[in-house]
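Secondary and tertiary structure notes
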Amino acid sequence: MTLLLEFGSGTPIVETSAGRQRGSLVAAPAPGAIWVWGENVECVQVRLSPVVAPAVLGISAADLDGAVVGLDDLWGRDGSRICEQLGEVSSWEERLALTDTLLARRCTARAYVDPEVAWAWQRIVIGRGLVGVDSLAAEVGWSRKRLWSRFSAQLGLPPKRAAKLVRFDHAAHRLAAGVDVARVAAESGYADQSHLHRDVMAFTGVTPANVGSEPWLAVDDIAWAGYPGPGSTVSSA
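Attention here is on the structure that accompanies the text. (Residues numbered from 1 in each chain as written. Predicted model: local features only at pLDDT ≥ 70, side-chain atom pairs only at ≥ 80, totals over all residues. Heavy atoms only, no water.)

**Some words on the overall build of the chain**
Here is the rule we go by: In this text, helices come from DSSP runs of H or I with a minimum length of four residues, and strands from runs of E with a minimum of two, each type numbered from the N-terminal end. For each residue, the accessible area found with a 1.4 Å probe, counting protein chains only, is set against the maximum for its type, and the residue is called buried under 20%, exposed over 50%, and partly exposed in between. For this analysis, residues touch if any pair of their heavy atoms sits within 4.5 Å. Using a 1.4 Å probe, the Shrake-Rupley method yields the accessible areas, and only the shown protein chains count as cover for residues.
Looking only at helices and strands, the chain features 13 helices and 7 strands. The proportion of buried residues among the 237 residues of the chain is 41%. For the chain, restricting intrachain contacts to residue pairs at least 6 apart in sequence, the fraction spanning at least 24 positions comes to 61%. Taken as a whole, the chain presents about 12,500 Å² of accessible surface, with 50% of it coming from carbon and sulfur.

Here you go:
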């Protein structure tokens, strides 16, 4: 799940098939494309595991059902206060540290996700999306149907879709680091380059060869560690 905290003079605009939202917001994994634009926008984007997100946000990905919700609608005045505090500090290091502190304060001890579902999610992440649903079900001692149902109800997407997204995320990081497309396809568990091409096109609208130069990667050298940013060259790792 994505939390966007804006504090600059510009206002980000996010549009999905469900509608348009301005300013700070919370977005669940959506079934379709998400378009973001704006001028003079300054913001902190936080990617939250769907297992942890409900305890921080007070709402799960399943509750949002692919929608985008304004932070003020979700947190009330607290959302605006957090953004104001981010605007009062001068460096990105301070903003990121402040974001960690503010989100930790909001985190509750309430368990929103079954331990089995949380464990299955972690297995998918650690396995980079290369874990089968049948294997996950067997390891937690549930039927495939029960795992599918509980996972979807609590995390907002079925385990097969979650594995596909995690596999893509790993592949996109490798592509952004300058690794050869054929090598990424082989090491990320894709059947072949065509398989990788289809997934990347479906999620980004560009080819694997062009992913690394996309602005949504190039501007973020923190989330995309090792990526030097626009105008720089990268070598295969």
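Moving on from the model shown.
**Observations concerning the pairing of strand β1 (residues 2–6)**
In plain terms, the rule: The criterion for strand pairing is that DSSP finds at least two bridges linking the strands in question.
The buried fraction of β1 is high, at 4 of 5 residues. The pairing of β1 with strand β4 (residues 25–27) spans 3 bridges and is antiparallel. Residue pairing in the sheet places Leu4 in a bridge with Leu25 of β4. Bridge count for β1 against strand β6 (residues 43–47) is 5 bridges, and the pairing is antiparallel. Counted as the bridge partner of Leu5 is Val44 from β6.

**Section: the pattern of salt bridges**
Short version of the rule: Any Lys or Arg side-chain nitrogen located within 4 Å of an Asp or Glu carboxyl oxygen qualifies as a salt bridge.
The final tally for this structure, using the stated rule, is 11 salt bridges. Linking Arg47 and Asp169 is a salt bridge whose minimum nitrogen-to-oxygen distance equals 2.9 Å. Residue Arg47 is located in strand β6, and its partner Asp169 is located in helix α9 (residues 159–176); the two are separated by 122 residues in the primary sequence. Residues Arg167 and Asp199 are paired through a salt bridge, measuring 3.4 Å at the closest nitrogen-oxygen approach. Here Arg167, found in helix α9, pairs with Asp199, found in helix α11 (residues 193–204); they are 32 residues apart in sequence, far enough to count as distant. Asp199 gets classed as buried once you look at its relative accessible area, which sits at 5%. Through salt bridges that share partners, Asp78, Arg81 and Arg106 make up one connected network.

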